[in-house]
Amino acid sequence: MIRDGLPEDVPAVLAMFDSAVAWLTGRGRTGQWGDRPFSEDPARIERITSWALSGGMRVAEVDGEPAGCLVLGTAVEYVEPAPEPELYVQGLVVDRRFGGHGVGAALLARARDEALDRGAVLLRVDCYAGDDGRLVAYYESQGFTRTERFTVGEWPGQVLQIRL
(Lines give C-alpha, C1' and ligand atoms only; values in the text may rest on other atoms or scores of the structure.)
Protein backbone atom coordinates (compact mmCIF):
# COMPACT_ATOMS: atom_id res chain seq x y z
CA MET A 1 0.00 0.00 0.00
CA ILE A 2 1.18 3.53 -0.79
CA ARG A 3 -0.32 6.39 1.15
CA ASP A 4 0.25 10.11 1.59
CA GLY A 5 3.06 10.91 4.00
CA LEU A 6 2.36 12.78 7.22
CA PRO A 7 4.51 14.76 9.67
CA GLU A 8 4.38 11.80 12.07
CA ASP A 9 6.19 9.74 9.38
CA VAL A 10 9.38 11.80 9.78
CA PRO A 11 11.02 9.40 12.32
CA ALA A 12 10.27 6.39 10.09
CA VAL A 13 11.67 8.15 7.00
CA LEU A 14 14.80 9.18 8.91
CA ALA A 15 15.21 5.52 9.93
CA MET A 16 14.92 4.51 6.24
CA PHE A 17 17.71 6.90 5.31
CA ASP A 18 19.78 5.76 8.31
CA SER A 19 19.46 2.14 7.16
CA ALA A 20 20.53 3.11 3.64
CA VAL A 21 23.53 5.10 4.93
CA ALA A 22 24.62 2.18 7.14
CA TRP A 23 24.28 -0.24 4.21
CA LEU A 24 26.26 2.02 1.86
CA THR A 25 28.91 2.73 4.49
CA GLY A 26 29.30 -1.00 5.15
CA ARG A 27 30.20 -1.38 1.48
CA GLY A 28 32.66 1.51 1.50
CA ARG A 29 30.31 3.70 -0.52
CA THR A 30 30.11 6.96 1.39
CA GLY A 31 30.08 9.28 -1.62
CA GLN A 32 26.31 9.33 -1.97
CA TRP A 33 25.14 10.38 1.51
CA GLY A 34 28.27 10.24 3.65
CA ASP A 35 28.59 8.02 6.71
CA ARG A 36 26.59 9.99 9.27
CA PRO A 37 22.98 8.95 10.02
CA PHE A 38 20.37 11.37 8.73
CA SER A 39 18.72 11.30 12.17
CA GLU A 40 21.82 13.05 13.59
CA ASP A 41 21.93 15.86 11.00
CA PRO A 42 19.69 18.87 11.74
CA ALA A 43 19.67 20.01 8.09
CA ARG A 44 18.51 16.59 6.89
CA ILE A 45 15.89 16.38 9.64
CA GLU A 46 14.62 19.79 8.54
CA ARG A 47 14.52 18.69 4.87
CA ILE A 48 12.55 15.54 5.61
CA THR A 49 10.19 17.49 7.86
CA SER A 50 9.59 19.99 5.03
CA TRP A 51 8.90 17.08 2.66
CA ALA A 52 6.31 15.73 5.12
CA LEU A 53 4.61 19.14 5.17
CA SER A 54 4.80 19.65 1.38
CA GLY A 55 1.95 17.37 0.37
CA GLY A 56 4.30 15.50 -1.97
CA MET A 57 5.51 12.75 0.35
CA ARG A 58 4.29 9.18 -0.26
CA VAL A 59 5.02 6.27 2.06
CA ALA A 60 4.96 2.64 0.94
CA GLU A 61 4.01 0.11 3.58
CA VAL A 62 4.64 -3.63 3.67
CA ASP A 63 2.43 -5.48 6.16
CA GLY A 64 1.58 -2.13 7.78
CA GLU A 65 5.21 -1.15 8.29
CA PRO A 66 6.79 1.87 6.52
CA ALA A 67 9.13 0.43 3.89
CA GLY A 68 9.90 3.25 1.48
CA CYS A 69 9.38 6.93 0.83
CA LEU A 70 8.92 9.00 -2.33
CA VAL A 71 8.77 12.79 -2.51
CA LEU A 72 7.26 14.52 -5.54
CA GLY A 73 7.31 18.18 -6.49
CA THR A 74 9.13 20.67 -8.67
CA ALA A 75 12.72 20.42 -9.87
CA VAL A 76 15.30 20.78 -7.11
CA GLU A 77 17.29 24.03 -6.91
CA TYR A 78 20.44 22.65 -8.56
CA VAL A 79 18.61 21.38 -11.70
CA GLU A 80 17.01 23.60 -14.35
CA PRO A 81 13.24 23.15 -14.55
CA ALA A 82 12.05 21.48 -17.74
CA PRO A 83 10.56 23.74 -20.43
CA GLU A 84 7.43 21.57 -20.43
CA PRO A 85 5.09 20.27 -17.71
CA GLU A 86 6.94 17.89 -15.40
CA LEU A 87 6.81 16.18 -12.04
CA TYR A 88 10.11 15.74 -10.22
CA VAL A 89 11.13 12.97 -7.86
CA GLN A 90 12.81 15.00 -5.11
CA GLY A 91 13.55 12.00 -2.93
CA LEU A 92 13.33 8.21 -2.94
CA VAL A 93 14.52 5.82 -0.26
CA VAL A 94 13.75 2.23 0.67
CA ASP A 95 14.44 0.81 4.10
CA ARG A 96 17.18 -1.79 3.59
CA ARG A 97 15.03 -4.39 5.38
CA PHE A 98 12.77 -4.24 2.33
CA GLY A 99 15.46 -4.06 -0.36
CA GLY A 100 14.71 -6.33 -3.30
CA HIS A 101 10.96 -6.46 -2.59
CA GLY A 102 9.93 -4.05 -5.37
CA VAL A 103 9.19 -1.14 -3.03
CA GLY A 104 11.22 1.35 -5.09
CA ALA A 105 9.62 0.17 -8.32
CA ALA A 106 6.13 0.52 -6.81
CA LEU A 107 6.89 4.05 -5.63
CA LEU A 108 8.22 5.04 -9.07
CA ALA A 109 5.10 3.57 -10.70
CA ARG A 110 3.04 5.74 -8.35
CA ALA A 111 5.13 8.74 -9.43
CA ARG A 112 4.39 7.99 -13.10
CA ASP A 113 0.67 7.71 -12.36
CA GLU A 114 0.63 10.99 -10.45
CA ALA A 115 2.58 12.74 -13.20
CA LEU A 116 0.03 11.60 -15.78
CA ASP A 117 -2.86 12.61 -13.52
CA ARG A 118 -1.34 16.11 -13.23
CA GLY A 119 -0.91 16.47 -17.00
CA ALA A 120 2.89 16.28 -16.91
CA VAL A 121 4.73 15.08 -20.00
CA LEU A 122 7.97 14.34 -18.11
CA LEU A 123 8.85 12.57 -14.90
CA ARG A 124 12.38 13.45 -13.84
CA VAL A 125 14.72 12.39 -11.06
CA ASP A 126 18.34 13.03 -10.20
CA CYS A 127 20.70 10.74 -8.37
CA TYR A 128 24.26 10.16 -7.28
CA ALA A 129 26.37 9.28 -10.33
CA GLY A 130 29.62 8.34 -8.60
CA ASP A 131 31.21 5.06 -7.60
CA ASP A 132 30.14 2.19 -9.83
CA GLY A 133 27.05 3.90 -11.30
CA ARG A 134 24.66 1.33 -9.83
CA LEU A 135 22.09 3.95 -8.84
CA VAL A 136 21.94 5.40 -12.35
CA ALA A 137 21.60 1.85 -13.71
CA TYR A 138 18.72 1.20 -11.29
CA TYR A 139 16.76 4.18 -12.62
CA GLU A 140 17.48 3.07 -16.18
CA SER A 141 16.09 -0.37 -15.29
CA GLN A 142 12.91 1.44 -14.24
CA GLY A 143 12.53 3.06 -17.68
CA PHE A 144 14.37 6.35 -17.13
CA THR A 145 16.90 7.67 -19.64
CA ARG A 146 19.91 9.86 -18.88
CA THR A 147 19.84 13.54 -19.68
CA GLU A 148 22.30 16.03 -18.19
CA ARG A 149 25.05 15.44 -15.65
CA PHE A 150 25.85 18.00 -12.95
CA THR A 151 27.93 18.47 -9.85
CA VAL A 152 27.08 20.03 -6.51
CA GLY A 153 30.42 20.79 -4.94
CA GLU A 154 32.25 17.53 -5.54
CA TRP A 155 29.06 15.41 -5.61
CA PRO A 156 28.48 14.01 -9.14
CA GLY A 157 24.86 13.78 -10.21
CA GLN A 158 22.81 12.55 -13.13
CA VAL A 159 19.36 13.72 -14.20
CA LEU A 160 17.14 11.05 -15.72
CA GLN A 161 13.68 11.28 -17.24
CA ILE A 162 10.72 9.33 -18.53
CA ARG A 163 8.69 10.93 -21.27
CA LEU A 164 5.01 10.23 -20.56
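Scroll up for the structure.
Just so it is clear, the structure is predicted and the values come from calculations on it, not from any experiment.

Calculation notes
- Residues numbered from 1 in each chain as written.
- Predicted model: local features only at pLDDT ≥ 70, side-chain atom pairs only at ≥ 80, totals over all residues.
- Heavy atoms only, no water.
- Helix = DSSP H or I, 4+ residues; strand = E, 2+ residues; numbered from the N terminus.
- Rg over C-alpha atoms; globule rule 2.2 N^0.38 Å.
- Buried < 20%, exposed > 50% of the residue type's maximum accessible area, 1.4 Å probe, protein only.
- Expected span 1.5 Å × (residues − 1).
- Contact = heavy atoms within 4.5 Å.
- Phe/Tyr/Trp six-rings, centres within 6.5 Å; stacked < 30°, edge-to-face > 60°.
- Lys NZ or Arg CZ within 6 Å of the ring centre and 35° of its normal.
- Pairing = 2+ DSSP bridges.
- Axes fitted to C-alpha atoms, helices over the stretch in contact; angles between N-to-C directions.
- Parallel < 35°, antiparallel > 145°, perpendicular 65-115°, else oblique.
- Left-handed = near helix turned anticlockwise from the far one by under 90°.
- Nonpolar A, V, L, I, M, F, W, Y, C, P; charged D, E, K, R; others polar.

A. Here's a closer look at the overall build of the protein. Along its length, the protein carries four helices and seven strands. Going from the N terminus to the C terminus, the protein shows its helices and strands as β-α-α-β-β-β-α-β-α-β-β. For the protein, the C-alpha radius of gyration of 15 Å lies close to 15 Å, the compact-globule estimate for 164 residues. Dimensions of the protein, computed from C-alpha atoms along their principal axes, come out at roughly 40 × 35 × 30 Å. Going through the 164 residues of the protein one by one, you find that 47% of them count as buried.

B. Just helix α1 (residues 10-26), in detail. An ideal rise of 1.5 Å per residue puts 24 Å on 17 residues; α1 measures up with 24 Å between its terminal C-alpha atoms. Looking at α1, one finds that the buried residues are V10, V13, L14, M16, F17, D18, S19, A20, V21 and L24. Contacts from the buried residues of α1 go to α2 (42-54), β2 (57-62), β3 (65-73) and β4 (86-94). Directly after α1, the chain includes G28, whose backbone phi takes a positive value near 70°.

C. Fine view of the packing of aromatic side chains. Within the structure shown, the criterion is met by nine aromatic pairs. Arranged with centres 5.6 Å apart and planes meeting at 45°, the rings of Y128 and W155 form a pair that is tilted. One end of the pair, Y128, is in strand β5 (residues 122-128); the other, W155, is in strand β7 (residues 155-163), with 27 residues separating them in the sequence. Relative to W155, the ring of F150 lies with its centre 6.1 Å away and its plane at 40°, an arrangement referred to as tilted. Judged by relative accessible area, which is 13%, F150 ranks as buried. Taken together, the ring pairs connect F17, W33, F38 and W51 into an aromatic cluster. Here the basic side chain of R96 rests over the ring of W23, its NZ or CZ set 4.0 Å away from the ring centre.

D. Focus on the sheet that holds β2. Across the sheet, which stays open at both edges, the seven strands sit in the order β1-β2-β3-β4-β5-β7-β6 with mixed pairing between neighbours. The open sheet is flanked by β1 (2-4) and β6 (145-152), the only strands paired with a single partner. Looking at each pair of strands side by side, their axes are set apart by 30° on average, direction ignored. By the bridge criterion, three bridges tie β1 to β2 in an arrangement that is antiparallel. Of the residues in β2, the one forming a bridge with D4 is R58. Packing against the sheet, α1 makes contact with β2, β3 and β4, and its axis sits at approximately 95° to β3. Here α2 sits on the sheet in contact with β2, β3 and β4, set at roughly 95° to β2.

E. View of the packing of α1 against α2. Relative to each other, α1 and α2 sit at 130°, their axes nearing to 10 Å. Here α1 is positioned oblique relative to α2, judged by the angle of their axes. Considering the relative orientation of α1 and α2, their crossing is right-handed. Along the contact surface, α1 presents V10, V13, L14 and F17, while α2 presents I45, I48, T49, W51 and A52. Its residues placed into classes, the contact of α1 with α2 shows eight nonpolar, one polar and no charged.

Bear in mind that shape data such as this cannot, by itself, settle questions of function.
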